[in-house]
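What the coordinates show
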Amino acid sequence: MCWNSHAYAILTTTAGFVFLFRDDVGNLWMSQMFASNESLAPGGYVLPSTLSQHYRFTILHILYWFTHLTETTEPVVERDLAQVIRVMDRYQTKPLHPPPPNITNQPYTTPMPQYANTGTGGYGQYHGNYTFSLEPVDELLLDFKPWLAESRCGGRAFRATLIEGNHEIVVKSWDSYKHDSSQRDNEVSIYMKIQSLWNVCVPRLVGKGEIDFCHSLFLEFVKVKPILIILLQ
Amino acid sequence: MANKVQQAFAEIHKLDVIHGDVRAANILVAEDESIWILDFEYAQVVFGSRGQVFTDEASEVRMLLDRIQRGEPYC
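Focus on the overall build of chain A
For chain A, the count of helices and strands is 3 helices and 12 strands. Out of the 233 residues in chain A, the part that is buried amounts to 21%. For chain A, restricting intrachain contacts to residue pairs at least 6 apart in sequence, the fraction spanning at least 24 positions comes to 52%.

Topic: the overall build of chain B
Helix and strand content of chain B: 2 helices and 4 strands. Ordering the α and β elements of chain B from the N terminus gives α-β-β-β-β-α. With 75 residues in all, chain B has 24% of them scored as buried. In chain B, 54% of the contacts between residues at least 6 apart in sequence involve partners at least 24 apart.

Some words on the interface of chain A and chain B
Facing the 20 residues of chain A at the interface are 21 residues of chain B. Element by element, the count of residues in the side of chain A that touches chain B is highest for helix H2 (residues 182–193) of chain A, at 6 residues. For the side of chain A that touches chain B, the class distribution of residues is 12 nonpolar, 4 polar and 4 charged.

Describing the environment of Tyr91 of chain A
Inspection of the secondary structure assignment puts Tyr91 of chain A in strand S6 (residues 88–95). The exposure class of Tyr91 of chain A is buried, given the 20 C-beta atoms found within 10 Å.

Describing the nonpolar core
Core analysis: the biggest nonpolar cluster contains 35 residues, and Ile169, Ile194, Leu197, Cys201 and Val202 of chain A together with Ile37 of chain B have the highest contact counts within it. Among the secondary structure elements, those contributing two or more residues to this core are strand S9 (157–162), strand S10 (167–175), H2, strand S11 (205–211) and strand S12 (214–220) of chain A together with helix H1 (2–14), strand S1 (17–18) and strand S3 (35–37) of chain B. Apart from residues no more than four positions distant in its own chain, Cys201 of chain A is found in contact with Ala8, Glu11, Ile35, Trp36 and Ile37 of chain B. Phe17, Phe19, Phe34 and Ala35 of chain A belong to the second-largest nonpolar core, a separate cluster that totals 5 residues.

So, the sheet that holds S10 of chain A
As a general point, the strands of a sheet are linked pairwise by backbone hydrogen bonds and lie either parallel or antiparallel. Residues and elements named next belong to chain A. Read across the sheet, 8 strands follow the order S5-S8-S9-S10-S12-S11-S6-S7 without closing on themselves; strand pairing throughout is antiparallel. Of all strands in the sheet, those with a lone pairing partner are strand S5 (85–86) and strand S7 (132–136), marking the two edges. Here S6 pairs with S7 via 5 bridges, running antiparallel. Note that in S7 the partner of Pro95 across the bridge is Phe132. Each of S7, S10, S11 and S12 is contacted by H2, which is oriented at about 165° to S11, the strand it contacts most.

Overview of the pairing of strand S2 (residues 16–22) of chain A
Residues and elements named next belong to chain A. Bridge analysis of strand S1 (residues 8–12) against S2 gives 5 bridges, and the strand direction is antiparallel. In the strand pairing of S2, Ala9 is matched with Leu20. Linkage of S1 to S2, two consecutive antiparallel strands, is achieved through a turn of 3 residues. Across 2 bridges, the pairing between S2 and strand S4 (residues 34–35) is antiparallel. Residue pairing across strands places Phe17 opposite Phe34, the latter belonging to S4. Where S2 meets strand S3 (residues 28–30), 3 bridges bridge the pair, whose relative direction is antiparallel. Residue pairing for S3: Phe21 is matched across the bridge by Trp29.

Some points on the environment of Val87 of chain A
Residue and element names in this part refer to chain A. By secondary structure assignment, the location of Val87 is in the loop between S5 and S6. For Val87, a count of 24 C-beta atoms within 10 Å puts it in the buried group. Excluding residues that lie within four positions of it along the chain, Val87 makes contacts with Leu140, Leu142, Gly209, Glu210 and Ile211.

Describing helix H1 (residues 59–72) of chain A
The terminal C-alpha atoms of H1 of chain A lie 20 Å apart, and with 14 residues this matches the ideal 20 Å at 1.5 Å per residue to within 8%. Buried residues are scarce in H1 of chain A, accounting for 0 of its 14 residues.

Quick word on the pairing of S11 of chain A
Residues and elements named next belong to chain A. Counting buried residues in S11 gives 6 out of 7 residues, a clear majority hidden from the surface. The sheet contact formed by S6 and S11 spans 3 bridges and is antiparallel. Residue pairing across strands places Met88 opposite Glu210, the latter belonging to S11. In terms of strand pairing, S11 meets S12 through 6 bridges, oriented antiparallel. For Ile211, the partnering residue across the bridge sits in S12 and is Cys214. In this antiparallel pair of consecutive strands, S11 and S12, the connection spans 2 residues, and Asp212 shows a positive phi of 50°.

About the criteria used
- Residues numbered from 1 in each chain as written.
- Chains lettered and ligands numbered in written order.
- Predicted model: local features only at pLDDT ≥ 70, side-chain atom pairs only at ≥ 80, totals over all residues.
- Helix = DSSP H or I, 4+ residues; strand = E, 2+ residues; numbered from the N terminus.
- Buried ≥ 20, exposed ≤ 12 C-beta atoms within 10 Å, placed from the backbone.
- Contact = placed C-beta atoms within 7 Å.
- Nonpolar A, V, L, I, M, F, W, Y, C, P; charged D, E, K, R; others polar.
- Core = buried A, V, L, I, M, F, W, Y, C linked by C-beta atoms within 7 Å.
- Pairing = 2+ DSSP bridges.
- Axes fitted to C-alpha atoms, helices over the stretch in contact; angles between N-to-C directions.
- Expected span 1.5 Å × (residues − 1).

Distances and angles like these do not, on their own, reveal function.
Here it is as structure tokens:
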């Protein structure tokens, strides 16, 4: 229902029903849990008769009405952004601002910081300077489909594409119902500390943010060699 | 390849960081056979160690043992 044009849907067990409605911008609305008989009432289900003055108002009436709605409602028009995930509370790594101009016109007495990540694959001299900072950004959009098998990278990591620049990245997510953001934040701080090794032996940290109910961080994608080839060598 | 892995972890240790979760699943071999270290979820910064992180209190092995004692998953 998330990525098709259906506006209405029903989640059902043998005796309980939940009614769903999705609008254009991807908001999914969910009704209370309705029961077809009184035995489910202690479990938090609502009896349809509570919705009407008529005591004989039943779940079949609701189903009939909902079926009518699905038949008569036009499909939801999907917009271009309908398949894009919008990251909330988002931060991206950015190169630090250049140093302020030397207003005294005196030459620098110490060498200016250099980018350690030369991309040559060698281990550069660590100079202790941070060349990237994590900064809030106005918008961060991902093409992210974790339900596809080809998106899975093992554990809590999934492949995705950063819409801006069409960069392939890896999304690592923690379920916020089970974890607070401390593990994610610790990992982000470690990546920032070892940024002189980005693109050398550690993937570059792209950013962090919240995706639905998950704390997430984003890393550059590294194309790996199949394990079978490594073993055969 | 083992030398490359050792060198990669040595570089991380030089930055006063202990990975804390050294295992095969967190080491990638890229197509150009370069070694990539992942998953710094359990990593810790050891302040003031100046690269000398292989002490009784702070080492990859010690962190792994601590996690095993706490009953956390480690493989």
